[in-house]
Amino acid sequence: MIEEFKDYCTGCRACEKLCPKGAITMERDYKGFLYPKVNYDKCVKCGLCKNRCPINNKEVYKEKKAYAAYNKDEKIRMESTSGGIFTLFAENIIDKKGVVFGAAFNEDLQVEHIRVENKSDLNKLRTSKYVQSDTKDTYVEAKELLENGRLVYFSGAPCQIEGLKAYLGKDYENLILQDIICHGVPSPKVWKAYLDSKKQKINSVNFRNKEKSSWENYQMKITYENDVEYIDRKINPYMILFLKNSSLRESCYNCKFKKENRESDITLADFWGINKIDETMNDGKGTSLLLINSEKGNKLLEEISDKIVKKEVDFKTAIENNLSMIRSCRKGDKYDEISNLIREGREEEIFKENDKNG
Ligand SMILES: Cc1cc2nc3c(=O)[nH]c(=O)nc-3n(C[C@H](O)[C@H](O)[C@H](O)COP(=O)(O)OP(=O)(O)OC[C@H]3O[C@@H](n4cnc5c(N)ncnc54)[C@H](O)[C@@H]3O)c2cc1C
């Protein structure tokens, strides 16, 4: 009964007040917080307490599972941010004649959401791009496809997934939602200033290249017309601003979508801390944290299971080293300085030392 929701209960007393038999009393736990207790001698199992509970309106999937996982295809795994799990879900959807939405670079190397219907185009969506992605018209496109009965897989930051849900206004059986654990999204203007500071034509960028290092010690790889540059994240001024929280969107500092109970069917992330939990799952090539938030997500995971190596991990332990799952970061030391430079149209000054340090 209502006690099943304990992990999400806010102690609001609605169930206690609603119970027609007076079978629910509120009792304090060791920290003094109220929780419902059901007297089963009085309970007639009408279900009102569960049905009307506010957390029940946000469906809680009780079989929620966490895995450390990686793609058995080493080439795709090396091209991906962590374990290359995204590509497997996306390929599964395309095999079923479905459509995949996700973040890609445009011709100016800014990031926007696009739709992909062929496996050969999935490389555009692969890898994390550390710039906010513009969803453009993809919500409208996704709705049209859904209404026409096409299978749709929409991936993005948690705010973009909840934005899509709000736009659609109803559930679709043929929609699969996949979000990421998101640290926060950097400013497109800061990104443009960084690109401009390079003073050579850039053909492509990979924020999380792991050709020369382990996946945890990734480098940014910039491919120019006649040259390739690898820049360690520790000395890369763009990555420093991102990782030290000085270039993120205002809402990222008070994000409403960082939470355990996701609206998505699947959450993908980097499995930070996998070494401490299970060393055998970390060979340096990338391990994803895969969270299954719904039965739909679970079914899709079963369908790709023969293509991945995975180990189930306790949910709380899994997110222990990934606080971005639940908590917003604080503004970094350079936040005000960067904001002021952009406000004054002097963003080219952000990376003026760039030639010397990457
Ligand atoms: C801005 C940002 C911040 C992140 N912060 C964290 C974090 O704090 N902790 C953590 O564990 N993981 C974080 N991730 C997620 C992580 O880096 C990987 O996306 C995840 O591990 C999946 O990797 P993969 O190897 O399975 O697939 P990949 O092929 O590497 O991932 C591709 C997926 O990322 C999505 N994606 C790429 N860029 C963007 C973007 N700009 N906006 C929205 N979606 C995008 C694609 O649509 C696709 O779903 C972040 C990703 C981004 C883009």
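Bear in mind that the values here come from a model prediction, so they are computed numbers and not experimental data.

Draft legend 1. Looking closely at the overall build of the chain. The secondary structure content of the chain amounts to 14 helices and 13 strands. Here the C-alpha atoms of the chain give a radius of gyration of 23 Å, agreeing with the 21 Å that 2.2 N^0.38 yields for 358 residues. Expressed as a percentage of its 358 residues, the buried residues of the chain come to 51%. For the chain, contacts bridging at least 24 residues in sequence account for 67% of all contacts bridging at least 6. Side chains of the chain give 63 positive and 59 negative charges; the mean places of these two sets differ by 4 Å.

Draft legend 2. Representation of the packing of helix H6 (residues 138–147) against helix H7 (residues 158–168) within the structure. Across the interface, H6 lies against H7 with an axial gap of 10 Å and an inter-helix angle of 55°. As the angle between them shows, H6 and H7 are arranged oblique. In terms of crossing hand, the pair formed by H6 and H7 is right-handed. Between H6, through Tyr139, Val140, Ala142, Lys143 and Leu146, and H7, the contact on the second element is made entirely by Cys159, Gln160, Gly163, Leu164, Tyr167 and Leu168.

Draft legend 3. Here's a closer look at the layout of surface pockets. Its boundaries defined by the atoms lining it, the largest pocket holds a volume of some 1000 Å³. For the largest pocket, the lining is made up of 50 residues, of which Ser128, Tyr130, Ile180, Ile181 and Asp270 are closest to its centre. Among the elements of the structure, helix H5 (85–95), strand S4 (99–105), strand S5 (111–116), strand S6 (152–156), strand S7 (175–180), helix H9 (237–243) and strand S11 (266–270) are those that each provide at least two residues to the lining of the largest pocket. Taken together, the residues of the lining of the largest pocket break down into 21 nonpolar, 23 polar and six charged. Mapped onto the domain boundaries, the lining of the largest pocket takes at least three residues apiece from domain 2 (65–185 + 248–325) and domain 3 (188–247 + 330–357).

Draft legend 4. Region of the structure containing the pairing of S4. Buried residues dominate S4, accounting for five of its seven residues. Here S4 pairs with S6 via three bridges, running parallel. Bridged to Val100 within S6 is Tyr153. Sheet analysis places S4 next to S5, joined by six bridges and oriented antiparallel. Residue pairing across strands places Phe101 opposite Arg115, the latter belonging to S5. Between S4 and S5, which pair antiparallel in sequence order, lie five residues; one of them, Leu109, sits at a positive phi of approximately 65°.

Draft legend 5. Spotlight on the sheet that holds strand S10 (residues 228–232). As summarised here, the arrangement of the three strands in space is S8-S9-S10, forming an open sheet in which the pairing is antiparallel. Two strands close off the open sheet at either side, each with one partner strand: strand S8 (202–209) and S10. The mean angle between the axes of side-by-side strands here comes to 15°, regardless of whether they run parallel or antiparallel. Sheet topology note: the S8/strand S9 (residues 219–224) ladder contains five bridges and is antiparallel. When the bridges of S9 are listed, Val205 appears paired with Ile222. The strands that helix H8 (residues 188–197) touches are S8, S9 and S10; relative to S8, the one it contacts most, it runs at about 120°.

Calculation rules
- Residues numbered from 1 in each chain as written.
- Predicted model: local features only at pLDDT ≥ 70, side-chain atom pairs only at ≥ 80, totals over all residues.
- Heavy atoms only, no water.
- Helix = DSSP H or I, 4+ residues; strand = E, 2+ residues; numbered from the N terminus.
- Rg over C-alpha atoms; globule rule 2.2 N^0.38 Å.
- Buried < 20%, exposed > 50% of the residue type's maximum accessible area, 1.4 Å probe, protein only.
- Contact = heavy atoms within 4.5 Å.
- Lys, Arg positive; Asp, Glu negative; His and termini not counted.
- Charge placed at Lys NZ, Arg CZ, Asp CG, Glu CD.
- Axes fitted to C-alpha atoms, helices over the stretch in contact; angles between N-to-C directions.
- Parallel < 35°, antiparallel > 145°, perpendicular 65-115°, else oblique.
- Left-handed = near helix turned anticlockwise from the far one by under 90°.
- 1 Å grid on protein atoms, 1.4 Å probe; cavity = no way out; pocket = protein on both sides within 12 Å on 5 of 7 lines; lining within 4 Å.
- Points joined across faces, edges and corners; volume = space filled by probe spheres on them.
- Nonpolar A, V, L, I, M, F, W, Y, C, P; charged D, E, K, R; others polar.
- Domains from an automatic or database assignment.
- Pairing = 2+ DSSP bridges.

Note that every value here comes from positions in space, so none of it alone points to a role or purpose.
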